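Understanding the architecture of this molecule
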Amino acid sequence: MYCKAFLALSLLTFHFSGTFAQEEFNYDESRVPEYSLPDLFVSQQGAVISSIQDWEHQRREEILRLFEDHVYGQVPESMDDLSFSLASEDKEAMEGKAHLKEIDIRVQRNGQSITMRLILFIPNMAPKPTPVFLLINHRDPENIDPTRKVKMGFWPAENIIERGFAAATFHVKDVSDDNNDTFQEDILQTLYPEQLTMENGMRGLGAWAWGAMRAMDYFETDPQIDAKKAAVVGHSRGGKASLWTGAQDTRWAITISNDSGCGGAALSRRRFGETVRRINTNFPYWFTDNFDRYNDREELLPLDQHMLIAATAPRAVYVASASEDQWADPKGEYLSLLLGTRVHREIYQMDGTLPSGLPEVESPLHLPYAGHHIREGKHNLTPYDWERYMDFASQLYGLAHE
Ligand code: GTR
């Protein structure tokens, strides 16, 4: 008891300073409230969903609208022009191992335009077209240094190339700055100003998902890239955006959530670690305005995060956690995966089951449609995580190099 209290207190101190020091956060499994989740297989009108047809034309569409209206806001598709230009390239990057392309993706709408920069390394030795991993990078740009003078474990591009995958990334700042005061300055004000006044309008996470979709638009035009074998990856807030991307955009073969926590893979109703109130208070610009209605009232949400996982079906989804990252609720993240992938199993009849209990630390589970691991250690995206994602993709795509 003393230990639990001490742990809760130290985590509290770690995460909160000043005004939030009074708020209490739960890290004790026995204090998780009883909750019941919305049924994946019953539509809002009460229809039973039992076939692929029902799922794809009815329930999945309905679920995506629910996430738009209550959590992330819309992701507008309207644009007048989309163009790609090669800003620079180096065919002998990484000591000859990779072809570096820096692509400017320009989107125009109503006479305005924005440009986002895609960094792409393609392995020279691998067969073409090459499967690709796209990282949504919200951290310091040095994590994705195209010159490779700085190399960070957050995006181990050399390892990705070594294993025969293309490594792509963009910085969220190009579409929406990760900042409450300036998030609207990029695509929101420039291309989609009407979203800013809508209660279910796009905000930061939706804008990052929009950016990932534009990267996919580019992949589809590059003959060196196998756009049908593309994975979207994000860590933490980037993992929330990655899930929102893969849930909506069926072009992604694999959707990867690394430590995405509250508003990502973790079930909101568990109120374990970070809560809806806390995330809306600290990061109001990530979610649409309607999400505020569920502060301390998670049970009123017409959805929970397992339904976001479900929307990826039948495509593959991977949820990873870290053992010391209790703030992100590894158990809640796993439960979402377990429950959400019922659609893969029960509607699409895909092979393989996930265990009902939380898997052990560093015992990765790789099924044909779902992946999971809990890494030892803290909240981060590390080479260990990337290696597991590449193992999973190699297995899924039937690549020799595992
Ligand atoms: C935290 C936030 C989490 C997570 C994390 C991160 O402060 O509470 O939801 O997004 O930031 O992105 O690293």
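Because the structure is predicted, anything quoted here is derived from the model rather than measured. (Residues numbered from 1 in each chain as written. Predicted model: local features only at pLDDT ≥ 70, side-chain atom pairs only at ≥ 80, totals over all residues. Heavy atoms only, no water.)

**Describing helix H10 (residues 330–340)**
- Burial within H10 is extensive, with nine of its 11 residues counted as buried.
- Restricting attention to buried positions, one finds in H10 the residues Pro 330, Gly 332, Glu 333, Tyr 334, Leu 335, Ser 336, Leu 337, Leu 338 and Gly 340.
- Residues of H10 that are buried in the fold lie against helix H9 (306–310), strand E8 (316–322), helix H11 (342–347), strand E9 (365–366) and strand E10 (370–375). (Buried < 20%, exposed > 50% of the residue type's maximum accessible area, 1.4 Å probe, protein only. Helix = DSSP H or I, 4+ residues; strand = E, 2+ residues; numbered from the N terminus. Contact = heavy atoms within 4.5 Å.)

**What about the nonpolar core?**
- Judged by nonpolar contacts, the single largest core of 86 residues is most densely connected at Leu 120, Leu 134, Trp 210 and Phe 219.
- If we ignore the near neighbours within four places in the chain, the residues touching Leu 134 are Leu 118, Ala 168, Thr 169, Phe 170, Ala 212, Ala 215, Phe 219, Ala 231, Val 232, Val 233 and Trp 252.
- The next biggest cluster of nonpolar side chains, apart from the first, holds 31 residues, and it includes Ile 144, Ala 253, Ile 256 and Ala 316. (Core = buried A, V, L, I, M, F, W, Y, C linked by side-chain atoms within 4.5 Å.)

**Focus on the pattern of salt bridges**
- Scanning all chains against the criterion turns up 34 salt bridges.
- Glu 162 is the salt-bridge partner of Lys 97, the closest N and O atoms lying 3.7 Å from each other. Taken as a pair, Lys 97 in the loop between helix H3 (93–96) and strand E2 (98–109) and Glu 162 in helix H4 (residues 157–162) lie far apart in primary sequence, 65 residues in all.
- Under the relative-accessibility criterion, Lys 97 is labelled partly exposed at 43%. (Salt bridge = Lys/Arg side-chain N within 4 Å of Asp/Glu carboxyl O.)

**Some points on unusual backbone geometry**
- A cis amide bond, omega -5°, links Lys 128 with the succeeding residue Pro 129.
- For Pro 129, the position within the fold is in the loop between strand E3 (112–123) and strand E4 (130–137).
- The omega torsion of the bond from Ala 313 to Pro 314 falls at 5°, within 30 degrees of zero and hence cis.
- One can find Pro 314 in the loop between H9 and E8.
- Unlike most non-glycine residues, Arg 271 shows phi in positive territory, near 50°.
- The residue Arg 271 is located in the loop between strand E7 (254–258) and helix H8 (276–282) in this model.
- Taking the relative accessible area as the measure of exposure, Arg 271 reaches 30% and is therefore partly exposed.
- The backbone phi angle of Asp 296 is positive, close to 60°, even though this residue is not glycine.
- Within the element layout of this structure, Asp 296 appears in the loop between H8 and H9.
- Judged by its relative accessible area of 43%, Asp 296 falls in the partly exposed class.

**Some thoughts on the layout of surface pockets**
- As a volume, the largest pocket reaches approximately 300 Å³.
- Taken together, 20 residues make up the lining of the largest pocket; nearest its centre are Ser 236, Arg 237, Trp 286, Trp 327 and His 379.
- For the lining of the largest pocket, the secondary-structure elements that each account for two or more residues are helix H7 (237–248) and H8.
- Within the lining of the largest pocket, the residues separate by chemical class into six nonpolar, seven polar and seven charged. (1 Å grid on protein atoms, 1.4 Å probe; cavity = no way out; pocket = protein on both sides within 12 Å on 5 of 7 lines; lining within 4 Å. Points joined across faces, edges and corners; volume = space filled by probe spheres on them. Nonpolar A, V, L, I, M, F, W, Y, C, P; charged D, E, K, R; others polar.)

**Observations regarding empty space enclosed by the protein**
- Overall, the coordinates contain one cavity of 30 Å³ or more when judged by the stated rule.
- Counted as a void, the largest cavity has a volume near 70 Å³.
- In terms of lining, the largest cavity is formed by 14 residues, of which the most central are Cys 262, Ala 266, Leu 267, Phe 272 and Glu 274.
- Looking at the lining of the largest cavity residue by residue, the classes come out as seven nonpolar, three polar and four charged.

**Looking at the packing of helix H6 (residues 204–219) against H7**
- Following both chains from N to C, one finds H6 and H7 inclined at 60°, their axes separated by 8 Å at the closest point. With respect to each other, H6 and H7 are oriented oblique. The way H6 lies across H7 gives a crossing that is right-handed. Contact with H6, carried on its side by Leu 205, Gly 206, Trp 208, Ala 209, Ala 212 and Met 213, involves Arg 237, Gly 238, Lys 240, Ala 241, Trp 244, Thr 245 and Gln 248 of H7 and no other residues of that element.
- Here the contact of H6 with H7 is built from residues that sort into seven nonpolar, four polar and two charged. (Axes fitted to C-alpha atoms, helices over the stretch in contact; angles between N-to-C directions. Parallel < 35°, antiparallel > 145°, perpendicular 65-115°, else oblique. Left-handed = near helix turned anticlockwise from the far one by under 90°.)

Read these as geometric descriptors, not functional statements.
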